[in-house]
Amino acid sequence: MCCGPRQSLGLRVPEDLSVVGFDDVPQASITTPPLTTVSQPLAELGSRAVEMLLTMLRGEAASDHVRLSTTLRVRSSTGPAPRA
């Protein structure tokens, strides 16, 4: 196998195309180039889900919207916006 999709199209990351992922999986930091990604507080996300489930099982109204903070992990897969 000679090359991945971005090489066969002649695209360079981040010079021609910025790439951003979500969930900050461990592999994101070891790709070439390292992937910019959004990180979520997974432990808090799970904890809130369990709390909501227990609330609903008790027959109480659970919040239908929860907003948790995220963190943008800027790595080498993103570059500046092109000039207009």
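Residues numbered from 1 in each chain as written. Predicted model: local features only at pLDDT ≥ 70, side-chain atom pairs only at ≥ 80, totals over all residues. Heavy atoms only, no water.

### Focus: helix H2 (residues 42-57)
Rules: Helix and strand assignments follow DSSP, with helices taken as H or I runs no shorter than four residues and strands as E runs no shorter than two, numbered in order from the N terminus. Expected helix span is given by 1.5 Å per residue-to-residue step, counting one fewer step than there are residues.
For H2, with 16 residues, the first-to-last C-alpha span of 23 Å sits near the 22 Å given by 1.5 Å per residue. With its phi angle positive at about 85°, Gly 59 sits one or two positions after the end of H2.

### Comments concerning the confidence of the model for the protein
Note the threshold: The quantity called pLDDT is the predictor's confidence in a given residue, expressed from 0 to 100.
Chain-level statistics for the protein give a pLDDT mean of 89 and a share of 92% at 70 or above. Per-element mean pLDDT across the protein ranges from 61 in helix H1 (residues 5-8) up to 97 in strand E2 (residues 36-39).

### Topic: the pattern of salt bridges
Quick note on the threshold: Just to be clear on terms, a salt bridge is a Lys or Arg side-chain nitrogen sitting within 4 Å of an Asp or Glu carboxyl oxygen.
Summed over all chains, the structure comprises five salt bridges. In this structure, the salt-bridge partner of Arg 73 is Asp 24, at a minimum N-O distance of 3.5 Å. Taken as a pair, Arg 73 in strand E3 (residues 71-73) and Asp 24 in the loop between strand E1 (20-22) and E2 lie far apart in primary sequence, 49 residues in all. Its salt-bridge partner being Arg 58, residue Glu 60 comes within 3.3 Å of it at the nearest N-O pair.

### A closer look at unusual backbone geometry
Note: most peptide bonds trans; most residues except glycine with negative phi. Following Val 13, the chain continues into Pro 14 via a peptide bond in cis, with omega recorded as 10°. Its place among the elements puts Pro 14 in the loop between H1 and E1. The amide bond that connects Thr 32 to the next residue, Pro 33, takes the cis arrangement and shows omega of -5°. Along the chain, Pro 33 turns up in the loop between E1 and E2. Within the chain, Asp 23 stands out as a residue other than glycine whose phi angle is a positive 95°. If you trace the backbone, Asp 23 turns up in the loop between E1 and E2. Here the phi dihedral of Asp 24 falls at roughly 45°; this positive angle occurs in a residue that is not glycine.

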